[in-house]
Structures are given as C-alpha cells and as structure tokens.
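# An overview of the molecular structure
Chain residues, written in single-letter form:
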Amino acid sequence: MLEGFETREMARDGVALRVRCAGQGAPLLLLHGHPQTHAMWHRVAPQLAQHFRVVLMDLRGYGDSGRPAAGEASVAYSKREMALDALHAMRALGHERFQVLAHDRGARVAHRLALDHPDAVQRMLLLDIAPTLPMYRATNEAFARAYWHWFFLIQPPPLPEALIESGPARYVRSVMGARHAGLSAFAPEALAEYERCAAIAGSAASMCADYRAGAGIDLQHDQQDADAGRKLALPLRVLWGEQGVVARCFDVPALWRAAADDFTGRSLPCGHYIAEEAPQLLLDETFAFLRSNP
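Quick notes on the rules
- Residues numbered from 1 in each chain as written.
- Predicted model: local features only at pLDDT ≥ 70, side-chain atom pairs only at ≥ 80, totals over all residues.
- Heavy atoms only, no water.
- Helix = DSSP H or I, 4+ residues; strand = E, 2+ residues; numbered from the N terminus.
- Pairing = 2+ DSSP bridges.
- Axes fitted to C-alpha atoms, helices over the stretch in contact; angles between N-to-C directions.
- Contact = heavy atoms within 4.5 Å.
- Phe/Tyr/Trp six-rings, centres within 6.5 Å; stacked < 30°, edge-to-face > 60°.
- Buried < 20%, exposed > 50% of the residue type's maximum accessible area, 1.4 Å probe, protein only.
- Salt bridge = Lys/Arg side-chain N within 4 Å of Asp/Glu carboxyl O.

Right, let's talk about unusual backbone geometry for a bit. In this model, His 34 is joined to Pro 35 through a cis peptide bond whose omega is -5 degrees. With respect to the helices and strands, Pro 35 occurs in the loop between strand 3 (26–31) and helix 1 (45–48). Following Pro 157, the chain continues into Pro 158 via a peptide bond in cis, with omega recorded as 10 degrees. Mapped onto the elements, Pro 158 comes out in the loop between helix 6 (148–152) and helix 7 (159–165). Of note in this structure, Leu 2 is not a glycine but carries a positive phi near 55 degrees.

Next up, the structure:
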C-alpha cells in the first residue's frame, strides 16, 4: 500500500517516529486513529499527494513508531506530548506551518496541537470526534456501551494489557468490526497491518496509556483551556458519520461551536471510519476546505 511514499525515520526525546511522505504543494499532516496506523489513509493519501505535500505519521504507541514507558499519570501519552511529536516531525521536514487532516485519536492529538501551537496549524479537518472533555461529562449508557474500549482501556494494569496481549488481532477486530460497516469496510492488507502492529511488543501497554491519559491528564489540560476561555481560532471543519456513535450520542456541531471560533461541519452517509468507508466524499471535502497552493 501507499506505493511511492518515502519512509523517513526520526526521533523526539528518544521516541522513534515513523513518517511517510509524498507529493508537492502545501504541507498536509495526516494523523490516524485507534487501533490503526497511517495505513488507514491508503484510499485517499495518493490522491491528496497529487495536490499537497502529504505527511503520514504513526502516533507514538502505534504502527512502527516507538512505545515509550507511560510514566506517572501516563504523561508520555498525553495529547500534549503526542502533539509535540507531530510538530517535531513537520519541522524536521522543513514545514513550520501546515494543515492537518486527522481521525479519531489522531484528531484529539490535532486538537491539542492547534491549541498549544496555533502559529503552526493553518487549517484543520477533523473526522468523527467531539471534544474530549464534554464527551466524558455527557457520557450516558448508550455511549458507554458503544465505546466500551474507552472504559476498558483505562482500567488499572495489568488486566487490560493482558487481555489484549492474549489476542491482539481479536482485539482489533472486536473494536473495528463492531461499528456500522463491520470489517467489510477495510481492505485485507490494511486490516493485516493494523493486526501486525497491535501485536508488536508494548502495543497493549501503549494503547492503554493513550486512553488513561485521555481520561486523566488530557482532561486537566482541557479544563485549563476552558477555564482560561481558550478556543480554537483557526478555520476548523469537522465531518462525522451519520451512522456513527458520536453523532447518535452527542450534538457534535454545538460542542464544536463552543470550542472553536471558526467552525463548519456536516455529517456524511457512513460510519466512524470515514477515510475507508467514504473515501471519495472525504476527498471532495478535503479539496474544498484545505488549500493546496504553497
């Protein structure tokens, strides 16, 4: 997959980062979700690379990037640290300012990146999330049942890690196959890549640390922003699947209007995995919203 994309290896503070690049034009960073890797963009990245300088990065703890120890309060997997990885990668490639397209956990990293480094991110397109803090505050039974992994992964070690490690492919298929489109939405080679990376030593601990940070230190950072009245100022567009859990359980536009000064968005006729379920619709939206000229 992703033939023609150059692989770059780099590191920040000792954490290896796997990056792949292709294309010319304005720099565009793509960040993936859970429990996936940069391979989730395989149906849209080649077309985007005809207009943008596309940068795909595996988040720390996922894909072929590093899996550092979580540290106290899982601080190594705070979205603040993960955002610094993305900023480091883009600067190492010579991109001081860039646009972002991100999904799921990657979209939460992108949200933090734009809040912490507003001079770096020009425009941002996020897929199928609402802001983390109000999602936790408004959790109801329907959301808890559908997004069970949010509450499973944050349980104290070693139980979640042990259960995932007993069958990494089973975990990947259980999380992804339970959504609207089932496993049929995923190319076999992409699904195999997600399963391969979930089986890498340390993956279970890293995934748990990502979500423990999301339910802990990330909420503290989000609350600090809320208390300070800090909102996103850049042009923000959000797309969500009309068959997805986020759309069913939350008022997505209202939550983003409260978090951003310049928000637009709409639902698409698909589920959670927009880049794989509705790639042409995503391409149309991306080309309409993001700027391809350097």
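Moving on to the sheet that holds strand 6 (residues 121–127). Strand order in the open sheet made by the eight strands is 1-2-4-3-5-6-7-8, with mixed pairing throughout. Each edge of the sheet is formed by a strand with only one pairing partner; in this case those strands are strand 1 (6–12) and strand 8 (263–268). The average undirected angle you get between the axes of adjacent strands in this sheet is 20 degrees. Direction of pairing for strand 3 relative to strand 4 (residues 52–57): parallel, over a ladder of six bridges. Residue pairing in the sheet places Pro 27 in a bridge with Arg 53 of strand 4. The sheet contacts of helix 2 (residues 79–92) involve strand 1, strand 2 (15–22), strand 3, strand 4 and strand 5 (98–103), and relative to strand 1 the element is tilted by about 125 degrees. Sheet strands touched by helix 13 (residues 252–259): strand 6, strand 7 (236–241) and strand 8. Its angle to strand 7, the strand with the most contacts, is close to 160 degrees.

Turning our attention to the packing of aromatic side chains. A full pass over the atoms with the stated rule returns eleven aromatic pairs. Measuring from centroid to centroid gives 4.9 Å for Tyr 136 and Trp 150, while their planes differ by 40 degrees, and the two rings are tilted. Taken together, the residues Tyr 136 in helix 4 (residues 132–137) and Trp 150 in helix 6 connect sequence positions 14 residues apart. Considering the side-chain rings of Phe 143 and Phe 151, the 6.3 Å spacing of their centres and the 85 degrees angle between planes classify their relative orientation as edge-to-face. Judged by relative accessible area, Phe 151 falls into the partly exposed class, the value being 23%.

Of all eight residues that make up strand 2, six are buried, and the element is covered over most of its length. Of the strand pairs in this sheet, strand 1 and strand 2 are connected by seven bridges, and their pairing is antiparallel. Bridge pairing in strand 2 links Ala 11 to Ala 16. Between strand 1 and strand 2, which pair antiparallel and follow one another directly, the connecting turn spans two residues, one of which, Asp 13, has a positive phi of 50 degrees. Two strands pair when backbone bridges link them, and strand 2 and strand 4 are joined in this way by four bridges, in the antiparallel orientation. Each bridged residue has a counterpart across the sheet, and for Arg 20 the counterpart in strand 4 is Leu 56.

Taken as a whole and assessed by the stated rule, the structure comprises 23 salt bridges. In this structure, Asp 210 and Lys 79 form a salt bridge, with 3.0 Å as the shortest nitrogen-oxygen distance. Of the two residues, Asp 210 sits in helix 10 (residues 203–214) while Lys 79 sits in helix 2, which places them 131 residues apart along the sequence. Note on accessibility: Asp 210 and Lys 79 belong to one class, buried. Two residues, Asp 225 and Arg 230, come together in a salt bridge whose shortest N-O distance is 2.2 Å. Asp 225 sits in the buried class, given a relative accessible area of 5%. Ionic contacts of the salt-bridge type, sharing partners, join the residues Arg 80, Arg 112, Asp 116, Asp 222, Asp 225 and Arg 230 into one network.

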